[in-house]
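Here are the chains, one letter per residue:
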Amino acid sequence: MKKYGEVYTKRTAATPGFSEHHTGLALDLYLIIDGKDVDENEDMIQYPEIWAKIHEKLARYGFILRYLEGKEAITGYGYEPWHIRYIDSPETAKEITDKGITLEEYLNKLPVGNVAPPADE
Ligand SMILES: [Zn+2]
């Protein structure tokens, strides 16, 4: 908050205790360019061609890009090319990636009819 200001921070950082990183399923990548770590958000965002190559390979390992460009209203976060999430299934990751949808959009379209309601006691 002190470094980036309130508006940017709220768009890019989770409220303490609510980060997807706490699930153990999300991680942030960073770049090493010409032997130097590139790990500040404003620096990493300057390499869209490198991120595109990385994003192409995510699904085969069961990962998706979590916070897509233009999907801020759905995810609640601005575009973060470095933030990826493991979802276990390369097939599902490929489907989500190919459709260009968010995890929220994917999950909201899953059928829910097989879930039994809780029994009355
Ligand atoms: Zn992250």
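A few points on the structure. Bear in mind that the values here come from a model prediction, so they are computed numbers and not experimental data.

### Quick notes on the nonpolar core
Part 1 of the argument: Formed by Ala59, Ile64, Ile87, Ala93, Ile96, Ile101, Leu103 and Tyr106, the largest nonpolar core amounts to eight residues.
Part 2 of the argument: Of all the secondary-structure elements, those providing two or more residues to this core are α5 (90-99) and α6 (103-108).
Part 3 of the argument: Ile33, Met44, Trp51 and Trp82 belong to the second-largest nonpolar core, a separate cluster that totals six residues.

### Points about the packing of aromatic side chains
Part 1 of the argument: By the definition in use, this model includes two aromatic pairs.
Part 2 of the argument: Between Phe63 and Tyr86 the ring centres are 5.1 Å apart and the planes differ by 55°, which places this aromatic pair in the tilted class. Remark: Tyr86 occurs in strand β5 (residues 80-86) and Phe63 occurs in strand β4 (residues 63-67); sequence separation between them is 23 residues.
Part 3 of the argument: Pairing Tyr67 with Tyr77 gives two aromatic rings, centres 4.5 Å apart and planes at 35°, and the pair type is tilted. Placement of Tyr67 in strand β4 and of Tyr77 in the loop between α4 (72-75) and β5 is noted, with a sequence separation of ten residues between them. For the pair formed by Tyr67 and Tyr77, the shared burial category is buried.

Quick notes on the rules
- Residues numbered from 1 in each chain as written.
- Predicted model: local features only at pLDDT ≥ 70, side-chain atom pairs only at ≥ 80, totals over all residues.
- Heavy atoms only, no water.
- Core = buried A, V, L, I, M, F, W, Y, C linked by side-chain atoms within 4.5 Å.
- Buried < 20%, exposed > 50% of the residue type's maximum accessible area, 1.4 Å probe, protein only.
- Helix = DSSP H or I, 4+ residues; strand = E, 2+ residues; numbered from the N terminus.
- Phe/Tyr/Trp six-rings, centres within 6.5 Å; stacked < 30°, edge-to-face > 60°.

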